[in-house]
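Given next are the chains, with one letter for each unit.
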Amino acid sequence: MALPALDSPTWQNPVRAFAWGMWSVTSTVLTLVLFATYLGIGALAHDSHFSLGWALASTGLVWAGPAQIILISTLGSGATLLQAAVAVTLSAIRLLPMVVSVLPSVRSPGTKRRHLILVTHFIAVTLWVECVRLLPQVPRGHRITFTHGLGCGLMSVCLVATGLGYGLAARLPQLFAAAILLLTPLAFLLSTARNCRQLSDVLALVLGLALFPLVSMLHTGVDILISGVSAGTIAYAVHWWRDRQ
Amino acid sequence: MSEFVGDWHALLVLLLAGFLPNEVWRVMGLWLGAGIDEGSELLVWVRSVATAILAGVIAQILVQPPGALASVPDWLRYAAVFAGCAAFLATRRSTLAGVLCGELFMLTGKWWFG
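Just so it is clear, the structure is predicted and the values come from calculations on it, not from any experiment. (Residues numbered from 1 in each chain as written. Chains lettered and ligands numbered in written order. Predicted model: local features only at pLDDT ≥ 70, side-chain atom pairs only at ≥ 80, totals over all residues. Heavy atoms only, no water.)

Considering the overall build of chain A
Move 1: From N to C terminus, chain A includes 12 helices and 0 strands.
Move 2: Relative to the 2.2 N^0.38 estimate, which gives 18 Å for 245 residues, the radius of gyration of chain A is 19 Å and therefore close to what a compact globule would have.
Move 3: Counting every position in chain A, which comprises 245 residues, the buried fraction comes to 54%.
Move 4: Within chain A, contacts between residues separated by at least 24 positions form 72% of all contacts whose residues are at least 6 apart in sequence. (Helix = DSSP H or I, 4+ residues; strand = E, 2+ residues; numbered from the N terminus. Rg over C-alpha atoms; globule rule 2.2 N^0.38 Å. Buried < 20%, exposed > 50% of the residue type's maximum accessible area, 1.4 Å probe, protein only. Contact = heavy atoms within 4.5 Å.)

Written out as structure tokens, the structure reads:
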């Protein structure tokens, strides 16, 4: 699928700009991966005795796969509200740098913060990766509308998958479930590798992968944060040092 | 309808332990991000950290696999990811080819070794 040229008049129509965003979900393998991931989340919610309405609301409101899996499995295994909230918060901190890095490429000089509230809610790993890839092909004035379309498209796919997974739960064989779970690391690893633009991106990816298993031996409870912040900072330091040369 | 929604207490827990802890960071990003220039050095650092945290989550799923994935032996999980990466590089960075190859490797391996 190719988007219209940057100077094409079709961008002037907000409905078309929204539709291009929504249609863009068909241009990435990550949509298939999200579909499969949310099949799994629907199934997990069913097996943990949550209602279908609850599962759908968690997809729409939480809108972050890892956070949903943590929430469902902690609550399902009898953790307190506070324990679940802390675990989810720790997994959600990664959303902050994503929002900070996506928003400057979405907004125009006249954009107010309130225009970005829905875009902000839609930001999660997949939308972040897709925005890096697609937004340069969208005229700046129409990026908010386009991103709304992209977010609505992705969320619709995930809501359908959550409902379907919930219904399929009783019949999901173990091998199929394992294959669904393996999709997540494979696809996120390769799509991130594909979007690496400079040395610091490649280093952050490789160091992040390598540091986590080491840091996790410390059992700090915040292993992801420690390994992520140190690997990212080392990658940035190398980038900074090379720029100075 | 009541079966669809379940009990209201569970929905309140969803808001407090699921929705709010996520949305807080998104809204904080909105407040901080509005003042940040796209090409700034801070943003390069922020993107590096976000990438490294995602890489950490990927490593976590592979090293400490959840649920059904734990039924796949360690060596087969790692080999499947290497096979996926090899296919990705061999096809000039096709994500789809890499994902399919990794999945097929895991399914074949599991079927072969039981």
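There is more to say, and it comes next.
Observations regarding the overall build of chain B
Move 1: Helix and strand content of chain B: 5 helices and 0 strands.
Move 2: Listing the helices and strands of chain B from first to last along the sequence gives α-α-α-α-α.
Move 3: Computed over the C-alpha atoms, the radius of gyration of chain B is 20 Å, more than 25% above the 13 Å expected from 2.2 N^0.38 for a compact globule of 114 residues.
Move 4: Looking at chain B as a whole, 48% of its 114 residues qualify as buried.
Move 5: Counted over contacts in chain B with a minimum sequence separation of 6, partners at least 24 positions apart contribute 32%.
Move 6: When the accessible area of chain B is evaluated, it comes to approximately 5900 Å², of which 73% is carbon and sulfur surface.
Move 7: Positive and negative side-chain charges in chain B, numbering 6 and 8 respectively, have mean positions lying 14 Å apart. (Areas by Shrake-Rupley, 256 points an atom, 1.4 Å probe, with all protein chains shown as cover. Lys, Arg positive; Asp, Glu negative; His and termini not counted. Charge placed at Lys NZ, Arg CZ, Asp CG, Glu CD.)

Concerning the interface of chain B and chain A
Move 1: Of the residues lining the interface, 72 residues belong to chain B; the matching set on chain A comes to 86 residues.
Move 2: Here chain B packs against chain A, burying approximately 7000 Å² in sum over the two surfaces, 75% of which is carbon and sulfur.
Move 3: Its largest share of buried area at the contact with chain A, chain B owes to Trp25, Arg26 and Arg47 of chain B, together 11% of the area lost on that side.
Move 4: At the junction of chain B and chain A, the tally comes to 0 salt bridges.
Move 5: Counting across the interface, chain B meets chain A through 12 residue pairs in polar contact (both at pLDDT 80 or more).
Move 6: Of all the elements, helix α3 (residues 41-63) of chain B adds the most residues to the side of chain B that touches chain A, at 22 residues.
Move 7: Broken down by class, the residue content of the side of chain B that touches chain A amounts to 47 nonpolar, 16 polar and 9 charged. (Buried area = accessible area lost by both parts, 1.4 Å probe. Salt bridge = Lys/Arg side-chain N within 4 Å of Asp/Glu carboxyl O. Polar contact = N/O pair within 3.5 Å; in protein donor to acceptor, adjacent residues only side chain to side chain. Nonpolar A, V, L, I, M, F, W, Y, C, P; charged D, E, K, R; others polar.)

What about a nonpolar patch on the surface?
Move 1: A cluster of nonpolar side chains, namely Leu81 of chain A together with Leu12, Leu15, Leu16 and Leu20 of chain B, defines an oily patch on the protein surface of about 400 Å² accessible area.
Move 2: In terms of residue count, helix α2 (residues 8-33) of chain B provides more of the nonpolar patch than any other element does, 4 residues in total.
Move 3: Along the chain, the position of Leu20 of chain B falls in helix α2. (Patch = residues over 30% accessible without salt bridge, like charges linked within 9 Å, V, L, I, M, F, W, Y side chains within 5 Å.)

Structural notes on the packing of helix α3 (residues 52-61) of chain A against helix α9 (residues 143-168) of chain A
All names here are of chain A.
Move 1: Packing of α3 against α9 leaves a shortest axis separation of 9 Å and a crossing angle of 155°. When the axes of α3 and α9 are compared, the pair comes out roughly antiparallel. Every pair of crossing elements has a handedness; the one defined by α3 and α9 is right-handed. Counting all contacts with α3, which are made through Leu52, Ala55, Leu56, Thr59 and Gly60, the residues of α9 involved are Met155, Cys158, Leu159, Thr162, Gly163 and Tyr166.
Move 2: The residue inventory of the contact of α3 with α9, partitioned by class, reads 7 nonpolar, 4 polar and no charged. (Axes fitted to C-alpha atoms, helices over the stretch in contact; angles between N-to-C directions. Parallel < 35°, antiparallel > 145°, perpendicular 65-115°, else oblique. Left-handed = near helix turned anticlockwise from the far one by under 90°.)

Remarks on helix α5 (residues 81-92) of chain A
Move 1: Compared with an ideal rise of 1.5 Å per residue, which puts 12 residues at 16 Å, α5 of chain A spans 16 Å between its outermost C-alpha atoms and is within 8% of the ideal.
Move 2: Taken as a whole, α5 of chain A has its buried residues at Ala84, Ala85, Val88, Ser91 and Ala92 of chain A. Angular distribution of buried residues about the axis of α5 of chain A spans 130°; they occupy a single face of the element.
Move 3: Each element contacted by the buried residues of α5 of chain A is listed here: α4 (65-76) and α6 (95-106) of chain A together with α2 of chain B. (Expected span 1.5 Å × (residues − 1). Arc of directions from axis to C-beta.)

So, the side chain of Asn22 of chain B
Move 1: Position of Asn22 of chain B relative to the elements: it lies in helix α2.
Move 2: Judged by its relative accessible area of 0%, Asn22 of chain B is buried.
Move 3: Each residue touching Asn22 of chain B, except ones within four places of it in the same chain, is listed here: Val62, Ala64, Ala67, Val88, Ala92 and Leu95 of chain A.

Quick word on the nonpolar core
Move 1: Core analysis: the biggest nonpolar cluster contains 103 residues, and Trp54, Trp63, Leu71, Ile123 and Phe146 of chain A have the highest contact counts within it.
Move 2: Setting aside its immediate chain neighbours within four residues, Trp63 of chain A contacts Tyr38, Ser58, Gln68, His121, Phe122, Ala124, Leu154, Met155 and Cys158 of chain A together with Arg26 of chain B. (Core = buried A, V, L, I, M, F, W, Y, C linked by side-chain atoms within 4.5 Å.)

Description of the environment of Leu134 of chain A
Move 1: Tracing the backbone shows Leu134 of chain A in helix α8 (residues 125-134).
Move 2: Among all residues touching Leu134 of chain A, those that are not within four sequence positions of it are Leu3, Ser24, Phe146 and Leu150 of chain A.

Observations regarding the pattern of salt bridges
Residue and element names in this part refer to chain B.
Move 1: Counting across every chain of the model gives 3 salt bridges over all chains.
Move 2: Between Asp74 and Arg77 there is a salt bridge, with its nearest N and O atoms 2.5 Å apart. Highlighted residues: Asp74 and Arg77, both in helix α4 (residues 74-90), separated by 3 residues, approximately one helical turn.

Here's the deal with α6 of chain A
Move 1: When the terminal C-alpha atoms of α6 of chain A are compared, their 16 Å separation across 12 residues agrees well with the 16 Å that a helix rising 1.5 Å per residue should span.
Move 2: For α6 of chain A, the buried fraction is high: 12 of the 12 residues fall into the buried class.
Move 3: By the burial criterion, the buried members of α6 of chain A are Leu95, Leu96, Pro97, Met98, Val99, Val100, Ser101, Val102, Leu103, Pro104, Ser105 and Val106 of chain A.
Move 4: In this structure, the buried residues of α6 of chain A make contact with α5, α7 (117-122), α8 and α9 of chain A together with α2 and α3 of chain B.

Looking at the confidence of the model for chain B
All names here are of chain B.
Move 1: Confidence along chain B averages 86 in pLDDT terms, with 92% of residues attaining 70 or more.
Move 2: Helix α1 (residues 2-5) is the least confidently modelled element of chain B, averaging 72 in pLDDT, while α4 averages 96, the highest of any element.
Move 3: Both scores are available for the predicted complex, with the pTM at 0.75 and the ipTM at 0.81. (pLDDT = per-residue confidence, 0-100.)

A few points about the packing of aromatic side chains
Move 1: For the structure shown, the criterion picks out 5 aromatic pairs over all chains.
Move 2: For Arg77 of chain B, the ring lying beneath its charged end belongs to Tyr78 of chain B, and the centroid distance is 5.7 Å. (Phe/Tyr/Trp six-rings, centres within 6.5 Å; stacked < 30°, edge-to-face > 60°. Lys NZ or Arg CZ within 6 Å of the ring centre and 35° of its normal.)

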